[in-house]
Amino acid sequence: MRMRVNQLMGAAQSFASVYKRNKSGLLGLVILLFFIFTAIFAPFLSPYNPYKRVDRPLLRPSREYLLGTNDIGQDIFSELIYGTRVSLTIGFVAALFTVIIGTLMGVVSGLIGGGVDEILMRFTDVIMILPSIPLLILLMALFGKQSFFIMILAISITGWTGTARLVRSSTLSIKERTYVEAAKAVGAGDRHIIIKHIIPNVSPLIMATMIYAVASAMMAEAGLAFLGLGDPSHKSWGMILHYAETRGGWFANMGNPAWWWIIPPGLCIALTIASLVLIGQTLEEIINPRLRRR
Amino acid sequence: MITFGIVISLIFFLARSAGTDPFERYLSEDPRIPPDQIQRLRHRFGLDKPLWMQYLDFIRNTLRGEFGYSLYYHMPVFDKVMQVMPYTLFLLSISIVLSTIVSFVLGVFFAWKRGTGVDIYGTNICMFIRSTPHFWLGMILLLVFAYYIPKFPLFGALTPGLQHANAFDFIRDLLWHSTLPLTTLLVRQIGMYVLYMRNATVEVFGEDYMLTAKAKGVPVRSIMFKHAARNAMLPMVTVTALRFGFMVNGAILTETVFSFPGTGRLIYLAIMNDDFFLLQGAFFIISITVLLANLVADLICGYLDPRIQL
């Protein structure tokens, strides 16, 4: 046990030392941590309740309301801070489910092979090729209710294809290695092989995929929320933009657009996703050193 | 063929598993309609048949091009979708061609300058752009180029009520209206595919024939575009095949922002009006279009690289 812990610590240290050398990876991590911090401490950071009317509608940014107010007089800065919570939660939870589904599909497909593999991969291909937003919209429409969890569910059901393909191909290569064959020769079952050999070996890969999955889940969430499929009691960044679009952010004061309502939420989305992509790339470089020399 | 089968089954399965049939969904809460009337309607539309027969009916109707009836527009879904499809195809085809060319050239350029300031700034800007949502990019463009510098129209594809004198006038009006939507799609696409192209080209730079070309004294431009780019093109074509679905996502969001009357906006309106059949039909028609485009891309791929077996 002790040795195991030491081993893990050593691995973590060498990982950190490689990661530290990557400037863009660090930048991504800092930005992401900033948003995670904001999400966790939202109640302490936001000056007002984002669901309460605090002043006259469509006020310009001032010292009192850092980013002004929206059409019904809610403080946009507070909306943004609470929105961080919603957007990040949906992103991370949906990504977790996505990766679990994808890993299961990939491992089963790669390990069993044959007809099962053929069918599963054919299915994966179709879902991968189909445009994801119409598929998501259709799913959400079928579930019939606009809720936080249905959004997460829909994103997880449609997003697992990339992970499945990646995990399958690495399962195929791990399956052929001598230690797996040795395990099989002494009578290890599929479950043992999956838990003891395949999962540990694909887990670094899954980590990197997970980060990208968060990015694409957040992008999907933003799109759906913008199209008006979000949960009104959990305002995300995408939903703030939806309201800005449909409730007259464009003609705020005497026909002038309320830029303070439109620009900040999108900037937050873009920064978070960019930071995730930066982290993902760094992880990929660490896992696959061949990429590092570029 | 199998793929189409999967898509049809997927839609049927999804629609059925939701557990609501249309009459229950839209009519059962209306007190003016007696329950036996609903039963009669269900019978007339075959909803009381066993599931597998409904499935066969569904396939038969789909093959005949019958996708149901739009409750909001009071016309067949197929006709409505076909009415707006040209606008979307127009946006998509132009942005696919232009973005491919631009990302191709820029990608090779960045790869050539790899490690220098141009490459680092360029790739970072691309990274940021690919992280922005389409609709927000569109909103920013609207904000800047339609409000603060009012050069382009705020919405639509054609000037409302304007009679076009001739085809040339029509095209000019259309292009003027579609400049901003097209720019949104283009910028976003380029941001994404420059990175792919750059990485593919960098990989090719490691090959032996590149060194040979340099040693032979082949001019730089020729090395870049004849040796490197040509070989890096293959992964790009493969990516292009996977791109159609993504492009459609972009088109939906972009058309919504610019009120551009294409399929994407139709889907948005279908959500707003709770027009489920329109949504389902539009999804199906879009899926088929994407699958066909994909098939074409596969054929091109096979032509460019005979090693790939179809």
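Everything quoted here is computed from the prediction, not taken from an experiment. (Residues numbered from 1 in each chain as written. Chains lettered and ligands numbered in written order. Predicted model: local features only at pLDDT ≥ 70, side-chain atom pairs only at ≥ 80, totals over all residues.)

Focus: the overall build of chain A
Argument step 1. Looking only at helices and strands, chain A features 12 helices and 0 strands.
Argument step 2. The order of α-helices and β-strands along chain A, N terminus first, is α-α-α-α-α-α-α-α-α-α-α-α.
Argument step 3. Viewed in the frame of its principal axes, chain A has a C-alpha envelope of about 75 × 45 × 35 Å.
Argument step 4. Looking at chain A residue by residue over its 294 residues, the buried ones come to 46%.
Argument step 5. For chain A, the share of sequence-separated contacts (at least 6 apart) that also reach a separation of at least 24 residues comes to 70%. (Helix = DSSP H or I, 4+ residues; strand = E, 2+ residues; numbered from the N terminus. Buried ≥ 20, exposed ≤ 12 C-beta atoms within 10 Å, placed from the backbone. Contact = placed C-beta atoms within 7 Å.)

Some thoughts on the overall build of chain B
Argument step 1. Along the backbone of chain B there are 12 helices and 2 strands.
Argument step 2. Listing every helix and strand of chain B by position from the N terminus yields α-α-α-α-β-β-α-α-α-α-α-α-α-α.
Argument step 3. Excluding contacts between residues fewer than 6 apart, the proportion of contacts in chain B whose partners are at least 24 apart in sequence is 71%.

Re the interface of chain B and chain A
Argument step 1. Listed as interface residues are 39 residues of chain B and, on the opposing side, 35 residues of chain A.
Argument step 2. Taken together, the elements giving at least two residues each to the side of chain B that touches chain A come down to helix H1 (2-17), helix H6 (117-131), helix H7 (134-148), helix H10 (220-258), helix H11 (263-272) and helix H12 (276-304) of chain B.
Argument step 3. In terms of residues, the side of chain B that touches chain A owes the most to one element, H12(B), which gives 9 residues.
Argument step 4. Each residue belonging to the side of chain B that touches chain A can be placed in one class, and the counts come to 28 nonpolar, 10 polar and 1 charged. (Nonpolar A, V, L, I, M, F, W, Y, C, P; charged D, E, K, R; others polar.)

Considerations on the packing of helix H4 (residues 76-112) of chain A against helix H8 (residues 161-175) of chain A
If you want to describe how two helices pack, look at the angle between their axes and the distance between the axes.
Residue and element names in this part refer to chain A.
Argument step 1. Where H4 contacts H8, the two axes come as close as 7 Å, and the packing angle between them is 40°. In terms of orientation, H4 and H8 fall into the oblique class. Between H4 and H8 lies a crossing of right-handed hand. Contacts between H4 and H8 involve Thr98, Val99, Gly102, Thr103, Met105, Gly106, Val107, Ser109, Gly110 and Leu111 from the first element and Thr163, Ala164, Arg165, Leu166, Val167, Arg168, Thr171, Leu172 and Lys175 from the second. (Axes fitted to C-alpha atoms, helices over the stretch in contact; angles between N-to-C directions. Parallel < 35°, antiparallel > 145°, perpendicular 65-115°, else oblique. Left-handed = near helix turned anticlockwise from the far one by under 90°.)

Overview of the confidence of the model for chain B
All names here are of chain B.
Argument step 1. Overall, the predicted model of chain B reaches an average pLDDT of 79, with 84% of residues at or above 70.
Argument step 2. Mean pLDDT across the elements of chain B ranges from a minimum in helix H2 (residues 22-26), with 60, to a maximum in H6, with 88.
Argument step 3. With a pTM of 0.86, the predicted complex shows an ipTM of 0.86. (pLDDT = per-residue confidence, 0-100.)

Remarks on the environment of A:Ile119
Argument step 1. You can see A:Ile119 is positioned in helix H5 (residues 114-129).
Argument step 2. Along the backbone, A:Ile119 and A:Trp261 are 142 residues apart, and their C-alpha atoms lie at a distance of 47 Å.

Describing the nonpolar core
Argument step 1. Counting residues in each nonpolar core, the largest one holds 140 residues, and the members touching the most others are A:Leu136, A:Ile137 and B:Leu279.
Argument step 2. The biggest single contributor to this core is helix H10 (residues 190-226) of chain A, with 19 residues.
Argument step 3. Beyond its immediate stretch of four places on either side in the chain, B:Leu279 contacts A:Ile137, A:Leu138, A:Ala141, B:Ile267, B:Ala270 and B:Ile271. (Core = buried A, V, L, I, M, F, W, Y, C linked by C-beta atoms within 7 Å.)

What about H11(B)?
Side chains that are three or four residues apart share a direction in an α-helix, a result of its 3.6 residues per turn.
Residues and elements named next belong to chain B.
Argument step 1. Among the 10 residues that make up H11, 7 are buried, leaving the element largely enclosed by the rest of the structure.
Argument step 2. Within the span of H11, buried status applies to Thr263, Gly264, Arg265, Leu266, Ile267, Tyr268 and Ala270.
Argument step 3. Residue Asp274 follows H11 closely and has a positive phi angle near 55°.

Description of H4(A)
Residue and element names in this part refer to chain A.
Argument step 1. Taking 1.5 Å of rise per residue, 37 residues should cover 54 Å, and H4 covers 52 Å from first to last C-alpha, within 8% of that figure.
Argument step 2. Of all the bends in H4, the greatest measures close to 25° and is centred on Gly83.
Argument step 3. Across the 37 residues of H4, 26 count as buried, placing the element largely inside the fold.
Argument step 4. Following H4 by one or two positions, Gly113 has its phi on the positive side, about 65°. (Expected span 1.5 Å × (residues − 1). Bend = angle between axes of the 7 residues up to and from the residue.)

Some details on the environment of B:Phe78
All names here are of chain B.
Argument step 1. Counting through the fold element by element, Phe78 comes out in helix H5 (residues 77-112).
Argument step 2. Among the residues examined, Phe78 registers 19 C-beta atoms within 10 Å and is labelled partly exposed.
Argument step 3. Taking the C-alpha atoms as reference points, Phe78 and Ala282, 204 residues apart in sequence, are found 7.8 Å from one another.
Argument step 4. In this structure Phe78 touches Gly65, Glu66, Phe67 and Gly281, once residues within four positions along its chain are discounted.

Considering the environment of B:Pro76
Argument step 1. Structurally, B:Pro76 can be placed in strand S2 (residues 75-76).
Argument step 2. Once the C-alpha coordinates of B:Pro76 and B:Gly281 are considered, the two residues, 205 residues apart in sequence, prove to be 9.6 Å apart.

Description of the packing of helix H2 (residues 23-40) of chain A against H4(A)
Residues and elements named next belong to chain A.
Argument step 1. Contact geometry for H2 and H4: axes closest at 8 Å, N-to-C directions at 110°. When the axes of H2 and H4 are compared, the pair comes out roughly perpendicular. Together, Phe35, Ile36, Thr38 and Ala39 of H2 and Ile81, Thr84, Arg85 and Leu88 of H4 make up the contact between the two elements.
Argument step 2. Classifying every residue of the contact of H2 with H4 by side-chain character gives 5 nonpolar, 2 polar and 1 charged.

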